[in-house]
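What the coordinates show
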Amino acid sequence: ISRLGPKPDDILTPRERENLQHALGLDRNHRPWRNWFAAEPGSPDDRIFVGLAARGLAALQSGPRPGFCPDNIWRVTTAGMAAAGAPEFVEGRSR
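Residues numbered from 1 in each chain as written. Predicted model: local features only at pLDDT ≥ 70, side-chain atom pairs only at ≥ 80, totals over all residues. Heavy atoms only, no water.

1. Here we look at the sheet that holds strand 3 (residues 72-76)
For the record, the criterion: The pairing criterion is simple: DSSP has to find at least two bridges between the two strands. Secondary structure elements follow DSSP: runs of H or I no shorter than four residues count as helices, runs of E no shorter than two count as strands, and numbering proceeds from the N terminus. Angles shown run from 0 to 180 degrees and are taken between the N-to-C directions of axes, each axis being a line fitted to C-alpha atoms and, for helices, limited to the stretch in contact.
Taking strand neighbours across the sheet as the criterion, the three strands line up as 1-3-2 in an open arrangement whose pairing is antiparallel. Two strands close off the open sheet at either side, each with one partner strand: strand 1 (37-39) and strand 2 (58-62). The sheet shows a mean angle of 35 degrees between the axes of neighbouring strands, taken without regard to direction. In this sheet, strand 3 lies alongside strand 1 in antiparallel orientation, the contact comprising three bridges.

Right, here's the structure in full:
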């Protein structure tokens, strides 16, 4: 850990980083272009996001809505964006 704070590798497992980057669209376009991740409640991905939320790196935007969306919708927080190595992300669009 540097004096500037922990590096992303110090605080995220590879799967956590992958899920955060996927939520931001970084896996396809090295700049964030979205901020959401749909995960079936109780699934491995959902459990990862529960853990990320407990650390302030993600937040539950909405739970399942019968007849519309059966999944939990997760958002990445500003701290999660930094941990995932995302460039600055403002109001749904990257700069």
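The structure having been displayed, the exposition proceeds.
2. Some details on the confidence of the model for the protein
Put simply, the rule reads: pLDDT: the predictor's confidence for each residue, scored from 0 to 100.
When the pLDDT values of the protein are averaged, the result is 84; 78% of them are 70 or greater. Within the protein, strand 5 (residues 93-94) has the poorest average pLDDT of any element, 47, and helix 3 (residues 44-54) the best, 98.

3. So, the environment of L52
Defined as follows: Contact definition: two residues touch when any of their heavy atoms are within 4.5 Å.
By secondary structure assignment, the location of L52 is in helix 3. Along the backbone, L52 and V76 are 24 residues apart, and their C-alpha atoms lie at a distance of 8.9 Å. The contact partners of L52, leaving out residues within four places of it in the chain, are L12, E16, L20, L57 and A58.

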